[in-house]
Amino acid sequence: MNTPESPELRTETLSAGIVKRTTTLADGRELFYFDDPDTTLGPDRAVDSRTLDARGETATMRLDVLTGDWITVAANRQNRVMMPSADADPLAPQTPTNPSEVPSLYDVAVFENRSPAFGPALAEAIGSAPEASNPPRGLDDLAALGLGRTRTSVGRCEVVCFSPEHTGSFGTQSVTRARTVIEAWADRTAALSKLPGIEQIFPFENRGEAIGVTLPHPHGQIYAYPYVTPRTTRLLESIDRTAPELFQHILESEQASERVVFRGEHWTAFVPFAARWPLEVHLMPHRHVPDFAETTDAERDELAPLYLRLLRGVDALYDTPTPYIAAWHQAPVHVGRDSVRLHLQLTSPRRAADKLKFLAGSEAAMWAWAAEITPEQGAARIREAIANAAQPVDIARPADDAAPQNAASTASTRTATDSAPVRADKAMS
């Protein structure tokens, strides 16, 4: 438990009755517990008593003068854990035989990545983060072209554990748990946006070995970049060439099309007009909102069941779980706040039950895409899969495949009917 000699446990009540508890790991990295509103966990948390090496040096970025992209060279990521067994899960609660990254039982846990691509150094020293020796000096500095340009890869990478269980994904969580994760995304987006030198925040989930996942534990990540990412830079250019209200125009056009997957009171899911991937769905709020931190409680409340409905529909397409990248695009911290809208881009390379789309010559080298499935066909398939997966999903697992039988694992296995009913979530036909 936390004691006067142990890291302070700071407590804050967030929206929807979710409680945030902040502490530090043995090497000084921050750890945040987000407790479900109906949690069975007590207020205390175990202390990380491991003896850890000092944190490594922050990686370096190199400029690709041909494209203007900054490439992070992070050799510390080469030896990451690869698909460990359940008894060596580094994201599970610590046990006497598993000195994992999270010392206590939890509902949702967020902590600084031990092998980050960005950070721990920042543009200025703050908390336990040191000041970088050669940080980016603003967006103008990053935009300047030149041979041999380098900067320190300042920023932060965080791991978001959706559950203490060893297997699963966001889609296997309860509505209550999904709402807690969404609150964590909003809280961390607001906090990371305030760090010196941070230009964009990116929450995402990689799901499945076909995507390159190295841990089966249900989790996602949050990257805090020291630059505006290349994709968002091109997006800003498109907005400059069209209209500040481009996202609203897109939403209205998609809502009038046969590519709508479903529509709620605050969110619409659709397959985009020019979808690249065999499976690609966007989920967008109806009003302009730049990031999760700016969403309302009502928007977060509806998003939890709608997002689960989408993910479970995607998994119902085939007999085995669908690999995907769930990318939550947010407006940059300092530019484009009035024009770039928060939205999900869910993509999968799976083009058939036993086939994957690989990016080869034309697409990988020249960024010239060719799609094998029309967006209209893709939307129809997903609507049908969602309809087939419409029954509540019991995600409780057998005892030999679950986390230790305790209050935390019990709380994490509630079904999708444990919260308020989904509002206005009819599948479009």
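Preceding this section is the structure that the text describes.
Residues numbered from 1 in each chain as written. Predicted model: local features only at pLDDT ≥ 70, side-chain atom pairs only at ≥ 80, totals over all residues. Heavy atoms only, no water.

Let's shift gears to the layout of surface pockets. Approximately 350 Å³ is the volume attributed to the second largest pocket. Lining the second largest pocket are 22 residues, with G168, R207, G208, P216 and P321 positioned closest to its centre. It is strand 9 (residues 200-207) that provides the largest number of residues to the lining of the second largest pocket, a total of 3 residues. (1 Å grid on protein atoms, 1.4 Å probe; cavity = no way out; pocket = protein on both sides within 12 Å on 5 of 7 lines; lining within 4 Å. Points joined across faces, edges and corners; volume = space filled by probe spheres on them. Helix = DSSP H or I, 4+ residues; strand = E, 2+ residues; numbered from the N terminus.)

The subject of this paragraph is the sheet that holds strand 8 (residues 156-161). Spatially, the 12 strands line up as an open sheet ordered 1-2-3-6-8-10-9-14-15-13-12-11, and their pairing is antiparallel. Looking at the sheet topology across the chains shown, the edges are occupied by strand 1 (10-13) and strand 11 (260-263). Ignoring which end each strand starts from, the neighbouring axes of this sheet average 20° apart. Where strand 9 and strand 14 (residues 324-329) come together, 4 bridges link them in antiparallel fashion. In the strand pairing of strand 14, F204 is matched with A327. (Pairing = 2+ DSSP bridges. Axes fitted to C-alpha atoms, helices over the stretch in contact; angles between N-to-C directions.)

The way to describe two aromatic rings as a pair is by their centre distance and the angle between their planes. Per the counting criterion, the structure on display carries 17 aromatic pairs. A centroid spacing of 6.0 Å and a plane angle of 50° characterise the contact between W185 and W328, whose relative ring orientation is tilted. With W185 in helix 2 (residues 175-193) and W328 in strand 14, the pair connects residues that are 143 residues apart, well separated along the chain. Residue W185 shares its accessibility class with W328, and that shared class is buried. Relative to Y225, the ring of Y223 has its centre 5.9 Å away and its plane inclined at 70°; by these criteria the two rings are edge-to-face. Given the relative accessible area of 11%, Y223 is considered buried. The class for Y225 is buried, based on a relative accessible area of 11%. Among the aromatic residues, those joined into a cluster by ring pairs are F162, F170, W185, W267, F292, Y307 and W328. For the cation-ring pair, R45 lies above Y33, with the distance from its terminal atom to the ring centre recorded as 5.1 Å. The ring of F32 is capped by R188, whose NZ or CZ atom sits 3.9 Å from the centre of that ring. (Phe/Tyr/Trp six-rings, centres within 6.5 Å; stacked < 30°, edge-to-face > 60°. Buried < 20%, exposed > 50% of the residue type's maximum accessible area, 1.4 Å probe, protein only. Lys NZ or Arg CZ within 6 Å of the ring centre and 35° of its normal.)

A grouping of V65, L66, L145 and L147 is seen on the molecular surface, where their side chains present a nonpolar patch of about 480 Å² in accessible area. Within the secondary structure, L66 is located in the loop between strand 4 (60-64) and strand 5 (69-73). What makes L66 exposed here is its relative accessible area of 80%. (Patch = residues over 30% accessible without salt bridge, like charges linked within 9 Å, V, L, I, M, F, W, Y side chains within 5 Å. Areas by Shrake-Rupley, 256 points an atom, 1.4 Å probe, with all protein chains shown as cover. Salt bridge = Lys/Arg side-chain N within 4 Å of Asp/Glu carboxyl O.)

Tracing the sequence through the fold places F270 in strand 12 (residues 267-270). Owing to a relative accessible area of 1%, F270 belongs among the buried residues under this scheme. Residue contacts for F270: discarding those within four places in its chain leaves I250, L251, E254, R259, V260, V261, E280, V281, H282 and M284. (Contact = heavy atoms within 4.5 Å.)

This next bit is on the pairing of strand 2 (residues 19-24). With 5 of 6 residues buried, strand 2 lies mostly within the body of the structure. Across 4 bridges, strand 1 lies against strand 2 in antiparallel orientation. Bridge pairing links T11 to R21 in strand 2. In this structure, the hairpin formed by strand 1 and strand 2 is closed by a connection of 5 residues, where A16 is found at a positive phi of approximately 60°. Where strand 2 and strand 3 (residues 30-35) come together, 6 bridges link them in antiparallel fashion.

The next thing to look at is the nonpolar core. Of all hydrophobic cores here, the largest spans 56 residues; its most connected members are F170, W185, L283, Y307, L310, W328 and L346. For L283, the contacting residues outside a window of four places in its chain are F262, W267, T268, A269, L303, Y307, W328, H343 and L344. If you look at the next biggest cluster of nonpolar residues, it comprises 13 residues, including L63, L142, Y223 and Y225. (Core = buried A, V, L, I, M, F, W, Y, C linked by side-chain atoms within 4.5 Å.)

Interaxial distance between helix 5 (residues 297-315) and helix 7 (residues 375-388) falls to 8 Å at its minimum, and their mutual angle equals 100°. Classified by the interaxial angle, the pair formed by helix 5 and helix 7 is roughly perpendicular. Residues R309, L310 and G313 of helix 5 form the contact with helix 7, whose own contacting residues are I382, A385 and I386. Considered class by class, the residues forming the contact of helix 5 with helix 7 number 4 nonpolar, 1 polar and 1 charged. (Parallel < 35°, antiparallel > 145°, perpendicular 65-115°, else oblique. Nonpolar A, V, L, I, M, F, W, Y, C, P; charged D, E, K, R; others polar.)

With that settled, the discussion passes to the sheet that holds strand 4. Read from one edge of the open sheet, 3 strands run 5-4-7, paired in antiparallel fashion. If you trace the sheet from one side to the other, it starts and ends with strand 5 and strand 7 (150-152), each paired once. Averaged over all adjacent pairs, the angle separating strand axes in this sheet is 30°, with direction ignored. Relative to strand 5, strand 4 runs antiparallel, the two sharing 5 bridges. Residue pairing in the sheet places D64 in a bridge with D69 of strand 5.

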